[in-house]
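Breakdown of the fold
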Amino acid sequence: MHQTTAMLIELGAIILVLGLLGRLAGRVGFSPIPLYLLAGLAFGQGGILPLQASEEFVATGAEIGVILLLLLLGLEYSASELVTSLKTQYPSGAVDFVLNATPGAVMALLLGWGPVAAVALAGVTWISSSGVIAKVLGDLRRLGNRETPVVLGVLVLEDLSMAVYLPILTALLAGVSLAGGTVTLLIALGTVGAVLYLALRHGRLISRAVSSDSAEMLLLVVFGLTLVVAGIAQHLQVSAAVGAFLVGIALSGEVAEGAGVLLTPLRDLFAAVFFVFFGLHTDPADIPPVLLPALALAAVTALTKIATGYWAARRAGISAKGRWRAGGTLVARGEFSIVIAGLAVGTEPRIGPLATAYVLILVVLGPITARWTEPAARRLTNRLHPAPRPTPPTSPTTEPTEAVRTGH
């Protein structure tokens, strides 16, 4: 069969399967991410129907998927919101990092993978899935709850931290020296600071320069600008994903809203391709050996995320019920964990199967903990500290009055 014909058939089959899996996930009420990962395992080497002709195209599509994920994430936040979150939520962000990055780093060292893999696995376990959590909050009708701003504040800090973490990880994976890594970090911090300054001071001018009455022109300009900035960022070893995130932050107002609407279908398509691509490079036979470490890591980091949300909500003065809801909501891991593992898999191939199993577990468990953590905590509290039973009132006829006893 001609190469182009085979590629079209394979791509069509992949996209069709992804569409059917997405529809199935929507009916069940779960995130489609685990189904996309399973599809990648099925289409990869060692799977049921390994791809032959379209793997190179899928790899390019996966890169675009990561860029669009981060661009759309940046479009959701304004520079002022990010600065406000940094000022008010940084203690919660520090607790989040310590509690959730540490288990991943410790697991990598216990498995003998070395310090670079420890930094990578720490990121995998640290970052919650903004996409899955946003969907869960909408499904459970909690967007107006008092604890929801706390949850979103933690997610914003995690997303912004990626602008520093990803360049560091990229430099470590590339084997850059300490001096080179310091320069990369300084470039990243300088870039983030410059973009935030421009967005705060001149965000309207940037948005006006990009704005267009034509949806077609707006789509082409924003998408093209994002790819250019992502490519330059990649060349500077700052990470293409961070460059796309900063473009999203720099745009605001109607331009950000319009671009978000236009780019969301593209994001959904290429993000699905990205998850498939990650699965393609994971041999299903490599997952059973790492299943026990993945389960242990999932159990520990589910508890640490619940503790993070509880602490952050308590600090904000939220009631006990809201604290448990906030903690349970933060459990899900997803897109960022896979992005980080995808970067690191070239240096430590065993991270891929472990990250796949880990994300599969927590992306399924996340919606369950979001719904049931608070009721479970309430029932446990009631069992440990049962409410005292009220004493029945005394009947007037059971105890004679003083006058009756004395005969008066």
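This section reports on the structure supplied with the text. Remember, predicted model here, so these are calculated numbers, not experimental data.

This part takes up helix 14 (residues 335-344). For helix 14, the buried fraction is high: eight of the ten residues fall into the buried class. Glu335, Phe336, Ser337, Ile338, Val339, Ile340, Ala341 and Ala344 are the residues of helix 14 that are buried.

Let us look at the packing of aromatic side chains. On inspection of all chains with the given rule, the structure shows three aromatic pairs. Judged by centre distance (4.8 Å) and plane angle (55°), the rings of Tyr310 and Trp324 are tilted. You can see Tyr310 sitting in helix 12 (residues 287-315) and its partner Trp324 sitting in helix 13 (residues 320-329), a full 14 residues away along the chain. Accessibility expressed as a relative area gives 23% for Tyr310, which makes it partly exposed. On the accessibility criterion, Trp324 (29% relative accessible area) is partly exposed.

This brings us to the side chain of Ser128. Inspection of the secondary structure assignment puts Ser128 in the loop between helix 5 (115-126) and helix 6 (130-139). A polar contact is formed between the side chain of Ser128 and the side chain of Lys305, at a distance of 2.9 Å. Ser128 has contacts with Ile133, Leu155, Glu158, Lys305, Leu330, Ala332 and Arg333, leaving out every residue within four places of it along the chain.

On to the pattern of salt bridges, then. Per the stated rule, a full pass over the model turns up five salt bridges. Between Lys305 and Asp96 there is a salt bridge; the shortest N-O distance is 2.9 Å. Of this pair, Lys305 sits in helix 12 while Asp96 is found in helix 4 (residues 79-110), placing the two residues 209 residues apart along the sequence. Note on Lys305: relative accessible area 0%, which makes it buried. Residue Asp268 pairs with Arg267 through a salt bridge whose shortest N-O separation is 2.7 Å. Each of Asp96, Glu158 and Lys305 takes part in salt bridges that share partners, so that together they form one network.

Thresholds, definitions, all that
Residues numbered from 1 in each chain as written. Predicted model: local features only at pLDDT ≥ 70, side-chain atom pairs only at ≥ 80, totals over all residues. Heavy atoms only, no water. Buried < 20%, exposed > 50% of the residue type's maximum accessible area, 1.4 Å probe, protein only. Helix = DSSP H or I, 4+ residues; strand = E, 2+ residues; numbered from the N terminus. Phe/Tyr/Trp six-rings, centres within 6.5 Å; stacked < 30°, edge-to-face > 60°. Polar contact = N/O pair within 3.5 Å; in protein donor to acceptor, adjacent residues only side chain to side chain. Contact = heavy atoms within 4.5 Å. Salt bridge = Lys/Arg side-chain N within 4 Å of Asp/Glu carboxyl O.

Worth remembering: the numbers are spatial, not functional.
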